[in-house]
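# Fold and contact review
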Amino acid sequence: MKKYLYTLLFMAVALISAATLASCGDDDEPVSRKNKFTLTFEVNTNNPEVRESAAYKTVVANMQAEIQEQTKREFYLTDTEADHEWGKLEFALRSNYGIQTLLDNYAKLLNDKTLSCSFKMLKEGKVYQHYDWKTNYYGL
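None of the values given here were measured: they were computed from a predicted structure.

## Digging into the pairing of strand β1 (residues 35-44)
The pairing of β1 with strand β2 (residues 74-77) spans four bridges and is classified as antiparallel. Note that in β2 the partner of F37 across the bridge is F75. Taken together, the eight bridges between β1 and strand β3 (residues 116-123) define a ladder with antiparallel strand orientation. Each bridged residue has a counterpart across the sheet, and for E42 the counterpart in β3 is S118.

This is the structure in structure tokens:
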């Protein structure tokens, strides 16, 4: 009887040990690779006459100067970190009516109903996230 109890006890310990070892296998998250992220700001128009004008080139330079401090930086982040940072940036962009107002004022100045701009997060040079504005100006 003693032999039978020891065998059961040994089997119970072995079974619990095997279950514990199996559940503790590869719990660690894989190390995420950090990628190079950059930010860009672009002003666009679908009107070819406006695109060639000196006034448009001045508008582009002025708008890019407004945002330039944001776009000069490079970031080395994991995708999760980049998503978190983009969430904060997008919230700030959505709540900042200054860019939309500036775009509308320049569209009125240029009399361009197609003026738009975009703020992009690039991952290794390819678009990862973006936020776009279109003018609310509909002409005279």
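Anyway, onward from the coordinates.
## A few points about the confidence of the model for the chain
Taken residue by residue, the chain gives an average pLDDT of 81. The fraction at 70 or more is 76%. Strand β4 (residues 126-134) holds the highest mean pLDDT among the elements of the chain, 94, whereas helix α1 (residues 2-23) holds the lowest, 49.

## Considering the sheet that holds β3
Across a sheet, paired strands are connected by hydrogen bonds in the backbone, their directions being either parallel or antiparallel. Strand order in the open sheet formed by four strands is β2-β1-β3-β4, and the pairing between neighbours is antiparallel. Strands with a single pairing partner mark the edges of an open sheet, and in this sheet they are β2 and β4. Mean inter-strand twist for the sheet, computed between neighbouring axes without regard to direction, equals 25 degrees. Relative to β4, helix α4 (residues 79-95) is tilted by about 10 degrees, and along the sheet it contacts β1, β2, β3 and β4. Sheet contacts for helix α5 (residues 97-110): β3 and β4; angle to β4, the most-contacted strand, approximately 60 degrees.

## Considerations on the nonpolar core
Core analysis: the biggest nonpolar cluster contains 26 residues, and F41, V43, M63, L115, C117, F119 and W133 have the highest contact counts within it. Where this core is concerned, the elements lending two or more residues are β1, α3 (54-71), α4, α5, β3 and β4. Apart from the residues lying within four places of it in its own chain, the contact partners of M63 are F41, V43, I99, L102, L103, Y106 and C117.

Conventions adopted
- Residues numbered from 1 in each chain as written.
- Predicted model: local features only at pLDDT ≥ 70, side-chain atom pairs only at ≥ 80, totals over all residues.
- Heavy atoms only, no water.
- Pairing = 2+ DSSP bridges.
- Helix = DSSP H or I, 4+ residues; strand = E, 2+ residues; numbered from the N terminus.
- pLDDT = per-residue confidence, 0-100.
- Axes fitted to C-alpha atoms, helices over the stretch in contact; angles between N-to-C directions.
- Contact = heavy atoms within 4.5 Å.
- Core = buried A, V, L, I, M, F, W, Y, C linked by side-chain atoms within 4.5 Å.
- Buried < 20%, exposed > 50% of the residue type's maximum accessible area, 1.4 Å probe, protein only.

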